[in-house]
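Geometric and topological summary
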Amino acid sequence: MAHATSSTVPGSMTGTGNVQADTVETSGPGGKGSSGTPQGAGQDALVPVATRNNTYYLGVNGSSATQTFRSKHKAACDITSVALMYGNSYSTSGGPQGDGPTSLTVACSVEPVAGTIFRGFFSGAPTGTVAPGAVLYSDPVGCFIPKGTFFFVRTYVSGNYPLGMTLNYAHGLGQDTTGDPSVTSDSGEGVASPSGTDVTASGSISSAYVTSYSPFCILGTTRTLSPVFVVVGDSIANYSDEAPDMGWVTRALGNQWPLVKTAQPGETMQEWVTDGTSVSLVEARRRLFRYGTHFVFADGRNDLSGGRTLAQIQADMITAWNMAMAQGGVSWQATITPKVTTTDQYSTLGNQTTDASDTVRVLLNTWIRDGAPILSGAAAAAGSSAAGTVRAGQAGHPLYSYLEVADVVESARNSGKFSIAQVRTVTDAASTASSKVITSATANFTSADLGKSVFMAGSGTAGATQTGVIAFVTNSTTVTMAQTAITTASGQNLQIGAVTYDGTHPDGFFHRAIGAALASQFSAAVTAYLA
């Protein structure tokens, strides 16, 4: 695998930093308006300084409402001030994307320590307005938050607001060790009590497991150099079939550095480079893109499923990589995972059928693994030795290297099928309605099963198969699930270690495996950047 040096990727590994600081703006890139006063230059530049920076990818609230959300974040560097970035555009899984339906009124505050509240302002005013498709910045709030410290942000919003980060999903905080996706203990996240009131200045928070309107980027000032990772991708790169606010990139980074997720459900590389169906949505995310020092490109699956040709996808990838190189960023491209159908819940290879797009996927991954050869600015054939051809990591190529994701999930390289190595099935499982406990005399549960997904026959509605996640292993015959059984059942099949729920999105087991496989690559890049 080729590796770049600071001379081949401008500004990438020099340790001098290349984050683009915010300045005062009245209109952002592409012409959509923004408001607030994000100011700074040099040591006072506003850059991403915390974890859990996510765009609004879960649609919009069903109707106009008021609410205060309290979200938890981790300081990824020594923070000396915090400025919050809010948006008003959204996407939905496989559905529409666009501007929010109404203008929003927003108030905010920062809690460096629980109960110690620093109010936020917008150009000196206690509230700000976010027009549909626009972006709103708070004034910087002066406070010191040491690297590695958890802190809170309170956001009051009024209007038909977009939805993003899921609160009380402890996985995304790096706190969850149980695998239970409903963990709420010690999170501190939630909504106003009484619900719907403005408690940004003072007031109580009630724990709630909800999707929220929270800042989609935590900006601030810092006196320490820090990389900023930006993810461009689809639902797989975001988290799908993993814990919300988690996913393989988050796991690979270990919750240690600022991570900005611009990934959106259903997105294609074509959409990212051409503005797609919603110019404002792409604009809002490109405001985040410009902060990056390190870029993870993980689009491609939806391009393949949509019938794009090899040449079209390659051209779009090169365009996207050049966007990152133009600001001195280090970029990786992930290999693309398979898509299959099944007749037995993906428990055997023989009953997995590869998608018609797999031939192109294999050619695309072969090209990526060969360093994505480029000649005269366009894709060259894998294996090309023509004069002037450059590959990832070489001078003149916009890509630093690639991330091997597909090999982790496939049964063999280019098989087009999900590995079933971690799958086992027992036939004596039992569940009780309204209980989370599953028992099996033959399952031989171990700690390695913690967090695995399962298919439990008979425990769903009207005796249907129910999917779930193992939250706690009691002993070799008993586990506690994250989900409650609906129907009492006994002598049933229990498939332990599901690989995918829908044939497209790798299960949480694979997200954890991918994260573990790639952690050293990211760690080495950070070490070089900070040297």
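Computed from a predicted structure; not experimentally measured.

Digging into the overall build of the protein chain
- Each helix and strand counted, the protein chain has nine helices and 31 strands in total.
- By residue count, 58% of the 531 residues in the protein chain fall in the buried class.
- Per element, the accessible surface of the protein chain, about 17900 Å² overall, is 54% carbon and sulfur.

Some words on the nonpolar core
- Counting residues in hydrophobic clusters, the biggest one holds 70 residues, and the most contacted among them are M85, Y86, V106, F151, Y213, F297 and M317.
- What V106 contacts, discounting residues up to four positions off in sequence, is Y86, F122, P126, T127, G128, V130, L136, T155, Y156, V157 and Y213.

Some remarks on the sheet that holds strand β26 (residues 424-431)
- Ordered in space as β26-β27-β30-β29-β28-β31, the six strands form a closed barrel in which the pairing is antiparallel. Neighbouring strand axes in the sheet, compared pairwise and without regard to direction, differ in orientation by 45 degrees on average.
- In this structure, β26 lies alongside strand β27 (residues 437-439), joined through two bridges in antiparallel fashion. Within β27, the position partnered with S431 by the bridge is I438.

Details of the sheet that holds strand β3 (residues 53-54)
- Read from one edge of the open sheet, six strands run β3-β18-β17-β19-β20-β25, paired in parallel fashion. A strand with exactly one partner marks an edge of an open sheet, and here the two such strands are β3 and β25 (401-403).
- Of the strand pairs in this sheet, strand β17 (residues 229-233) and strand β18 (residues 259-261) are connected by three bridges, and their pairing is parallel. For V231, the partnering residue across the bridge sits in β18 and is K261.

So, the environment of G203
- By the element assignment, G203 lies in the loop between β14 (190-193) and β15 (204-206).
- With a relative accessible area of 41%, G203 lands in the partly exposed category.
- The sequence separation of G203 and G115 amounts to 88 residues, and the corresponding C-alpha distance is 9.2 Å.

Some words on the environment of H505
- Here H505 is to be found in the loop between β31 (489-496) and α9 (508-530).
- Of the residues examined, H505 reaches a relative accessible area of 15% and is grouped as buried.
- Along the primary structure H505 and P338 are separated by 167 residues, whereas in three dimensions their C-alpha atoms are 8.9 Å apart.
- A polar contact of 2.7 Å, which involves the side chain of H505, links it to the side chain of S235.
- In this structure the side chain of H505 is engaged in a polar contact, spanning 2.6 Å, whose partner is the side chain of D502.

Focus on the packing of aromatic side chains
- Enumeration over the complete set of coordinates arrives at 17 aromatic pairs.
- Aromatic side chains F69 and Y161 sit 5.8 Å apart centroid to centroid with 80 degrees between the ring planes, which places their arrangement in the edge-to-face category. Of this pair, F69 sits in strand β4 (residues 65-74) while Y161 sits in the loop between β13 (150-159) and β14, and the two are 92 residues apart along the sequence.
- By relative accessible area, which is 3% here, F69 ends up buried.
- Considering the side-chain rings of F455 and Y501, the 5.7 Å spacing of their centres and the 80 degrees angle between planes classify their relative orientation as edge-to-face. In this pair, F455 sits in strand β28 (residues 453-456) while Y501 sits in the loop between β31 and α9, placing the two residues 46 residues apart along the sequence.
- Classification of Y501 by relative accessible area gives partly exposed; the value is 27%.
- Aromatic ring contacts, followed pair by pair, group Y56, F69, Y86, Y161, Y213 and F216 into a single cluster.

Details of the side chain of N53
- Inspection of the secondary structure puts N53 in strand β3.
- Residue classification places N53 among the buried residues on the basis of a relative accessible area of 0%.
- Within polar-contact distance, the side chain of N53 engages the backbone oxygen of L259 at 3.2 Å.
- Here N53 is in contact with F216, C217, I218, L259, V260 and K261, once residues within four sequence places are set aside.

A word on helix α6 (residues 310-325)
- Helix length check: α6, at 16 residues, gives a terminal C-alpha distance of 22 Å against a target of 22 Å (1.5 Å per residue), a fit within 8%.
- Those residues of α6 that fall on the buried side of the exposure criterion are I313, Q314, D316, M317, I318, A320, W321 and A324.

A look at α9
- In a regular helix each residue adds 1.5 Å, so 23 residues correspond to 33 Å; α9 covers 31 Å between its end C-alpha atoms and thus fits that length.
- Considering bend angle alone, the principal kink of α9 is centred on L518 and spans about 40 degrees.
- Within α9, the full set of buried residues consists of G508, F510, H511, I514, G515, L518, Q521, F522, A525, V526 and Y529.
- Looking at where α9 begins, the residue whose side-chain oxygen comes 3.1 Å from the main-chain nitrogen of F509 is D507.

A look at the pairing of β14
- Bridge count for β4 against β14 is two bridges, and the pairing is antiparallel. What sits directly across from R70, in β14, is G190.
- The sheet contact formed by β14 and β15 spans three bridges and is antiparallel. The residue bridging A192 from the neighbouring strand is I205, located in β15.

Some remarks on the pattern of salt bridges
- Applying the stated rule across the entire model yields 14 salt bridges.
- In this structure, R361 engages E410 in a salt bridge whose closest nitrogen and oxygen atoms are separated by 2.8 Å. Residue R361 is located in helix α7 (residues 358-369), and its partner E410 is located in the loop between α8 (406-409) and β26; the two are separated by 49 residues in the primary sequence.
- The class of R361 is buried, set by a relative accessible area of 0%.
- For R413, the salt bridge is made with D407, and the minimal N-O distance between the two is 2.5 Å.

A few points about the packing of α6 against α7
- Packing of α6 against α7 leaves a shortest axis separation of 10 Å and a crossing angle of 40 degrees. Both α6 and α7 take part in a crossing whose hand is right-handed. Residue-level inspection shows L310, I313, Q314, M317, I318 and W321 of α6 in contact with α7, the latter providing V360, L363, L364, W367 and I368.

Let's talk about the confidence of the model for the protein chain
- Per-residue confidence for the protein chain gives a mean pLDDT of 84; residues scoring 70 or more make up 84%.
- Predicted confidence is poor over residues 1-34, with pLDDT under 50, and the contacts of this stretch with residues over four places away or in other chains come to 102 contacts.
- Contacts for the low-pLDDT stretch residues 174-185, under 50 throughout, to residues beyond four places or in other chains number 35 contacts.

Notes on the environment of D303
- The residue D303 is located in helix α5 (residues 301-305) in this model.
- Among the residues examined, D303 registers a relative accessible area of 1% and is labelled buried.
- Sequence-wise, D303 and R361 are 58 residues apart; in three dimensions their C-alpha atoms are separated by 9.9 Å.
- Each residue touching D303, except ones within four places of it in the same chain, is listed here: T268, M269, Q270, R308 and I313.

Thresholds applied
Residues numbered from 1 in each chain as written. Predicted model: local features only at pLDDT ≥ 70, side-chain atom pairs only at ≥ 80, totals over all residues. Heavy atoms only, no water. Helix = DSSP H or I, 4+ residues; strand = E, 2+ residues; numbered from the N terminus. Buried < 20%, exposed > 50% of the residue type's maximum accessible area, 1.4 Å probe, protein only. Areas by Shrake-Rupley, 256 points an atom, 1.4 Å probe, with all protein chains shown as cover. Core = buried A, V, L, I, M, F, W, Y, C linked by side-chain atoms within 4.5 Å. Contact = heavy atoms within 4.5 Å. Pairing = 2+ DSSP bridges. Axes fitted to C-alpha atoms, helices over the stretch in contact; angles between N-to-C directions. Polar contact = N/O pair within 3.5 Å; in protein donor to acceptor, adjacent residues only side chain to side chain. Phe/Tyr/Trp six-rings, centres within 6.5 Å; stacked < 30°, edge-to-face > 60°. Expected span 1.5 Å × (residues − 1). Bend = angle between axes of the 7 residues up to and from the residue. Salt bridge = Lys/Arg side-chain N within 4 Å of Asp/Glu carboxyl O. Left-handed = near helix turned anticlockwise from the far one by under 90°. pLDDT = per-residue confidence, 0-100.

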